[in-house]
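Structural overview for review
In case you want the letters, here they are:
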Amino acid sequence: MDERDSYRWLVHRIPRGIVAEAIAREMFTLTRHPPAPELAELVEYHWILRWDRRGLPPHEQRVLPNLSVHAAFFDGASGVHGPAREVFSHRLEGRVQGLGVRFRPGCFRAFLRGPVRDIADRAVPLTDVFGPAAIDAAESVRTAADDAQMVRAIDNLLIANPVTLSPSARQAAEAVESIARDPGITRVAHLCADTGLTTRSLQRLFAEHVGCPPKWAIRIYRLNDAAQRITEGAPDYAGLAVRLGYSDQSHFIRDFRTVTGQSPGEYARADRARRPDKDRT
């Protein structure tokens, strides 16, 4: 069986990668909202987090890396976060509400006015990208009475900074969409065949507009898929490696450890240990 056909058991994917989702649901509320129609080509969605840990121990929440640029509007943690190669961790304490914007991979360079690789694995102040108006927008999010007010404040900020996608940005976004749409793309050669671009052209395009090499982009998608499968139950790791397009289990384990910091078995055990008792039965 062709390795691409063996891996078509998934559908269009957006890596979310919340580690230990079962316990995360006990620690905060997460809702997702579509952007204003004018922003639909640029933004995948807004995500809103609320937590109240007053009188409770802080919670360290981990999130697997993904390709998106995120603009976060949170007290003490605001900023534009570039695509990451490592697990992101944030300490939840006190009472907080905030909003994040998840931009479509390939589409943020228009706001940044520079290569997205320049902000990979780091964060820059909101005002560096959106100007002083970002301060007022962040305050509106902090004091908003409901989700709609928060979304409206950030939609207005982004609309006030109008951008147009260049042909190369559209090409980059479409290349990432190809990876998301077709889980059978497990090699850069597959992506070259799908897009009609050479390996070198893809590397330049991704560095400029996505912020990481195409090989890493493919790896992020399939290892987010793997993490999801692992938390759904104890899979046959050798079989999962094959379905993910790996030539052997050891290569899969090395890649998984590179992205998550743990082997698949360690990740599964840690997830089970963090689950509430009722979810372990």
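Everything here concerns the structure above.
Remember, predicted model here, so these are calculated numbers, not experimental data.

The next point concerns the pattern of salt bridges. Any two side chains of opposite charge can pair, on the condition that their charged atoms come close. Here the structure, examined in full by the defined rule, presents twelve salt bridges. Its salt-bridge partner being Glu-44, residue Arg-102 comes within 2.9 Å of it at the nearest N-O pair. Taken together, the residues Arg-102 in strand β7 (residues 95-103) and Glu-44 in strand β2 (residues 43-52) connect sequence positions 58 residues apart. Via salt bridges that share partners, Arg-109, Arg-117 and Glu-208 belong to a single interconnected network.

Angle between the axes and distance between the axes are the two parameters that describe a pair of packed helices. For the pair helix α4 (residues 133-143) and helix α5 (residues 147-159), interaxial distance at closest approach is 8 Å and the crossing angle is 170 degrees. The angle between the axes of α4 and α5 places the two elements in the roughly antiparallel class. Here α4 contributes Ala-133, Ala-134, Ala-137, Ser-140 and Val-141 to the contact with α5, which in turn contributes Met-150, Ala-153, Ile-154 and Leu-157. Of the residues assigned to the contact of α4 with α5, the class counts are eight nonpolar, one polar and no charged.

Relative to the helices and strands, Gln-171 is located in helix α6 (residues 167-181). Leaving out residues up to four positions away in the same chain, Gln-171 has contacts with Leu-197 and Leu-205.

This paragraph deals with unusual backbone geometry. Positive phi outside glycine occurs at Arg-113, with the angle close to 60 degrees. Along the chain, the position of Arg-113 falls in the loop between α2 (109-112) and β8 (123-124). Although it is not a glycine, Asp-121 adopts a positive phi angle of roughly 65 degrees. Among the structural elements, Asp-121 can be located in the loop between α2 and β8. Residue classification places Asp-121 among the partly exposed residues on the basis of a relative accessible area of 43%.

Attention now goes to the nonpolar core. Counting residues in each nonpolar core, the largest one holds 35 residues, and the members touching the most others are Leu-67, Ile-179, Leu-202, Phe-206, Phe-252 and Phe-256. Counting residues per element, the ones that place at least two in this core are α6, α7 (188-195), α8 (199-209), α9 (214-232), α10 (237-243), α11 (249-260) and α12 (264-274). A per-element tally of this core places α9 first, with nine residues. What Phe-256 contacts, discounting residues up to four positions off in sequence, is Leu-223, Ala-226, Ala-227, Ile-230, Gly-261, Gln-262, Ser-263, Pro-264 and Tyr-267. Counting 34 residues, the second-largest nonpolar core is a separate cluster that includes Ala-71, Ile-119, Leu-158 and Ala-169.

How each quantity is defined
Residues numbered from 1 in each chain as written. Predicted model: local features only at pLDDT ≥ 70, side-chain atom pairs only at ≥ 80, totals over all residues. Heavy atoms only, no water. Salt bridge = Lys/Arg side-chain N within 4 Å of Asp/Glu carboxyl O. Helix = DSSP H or I, 4+ residues; strand = E, 2+ residues; numbered from the N terminus. Axes fitted to C-alpha atoms, helices over the stretch in contact; angles between N-to-C directions. Parallel < 35°, antiparallel > 145°, perpendicular 65-115°, else oblique. Contact = heavy atoms within 4.5 Å. Nonpolar A, V, L, I, M, F, W, Y, C, P; charged D, E, K, R; others polar. Buried < 20%, exposed > 50% of the residue type's maximum accessible area, 1.4 Å probe, protein only. Core = buried A, V, L, I, M, F, W, Y, C linked by side-chain atoms within 4.5 Å.

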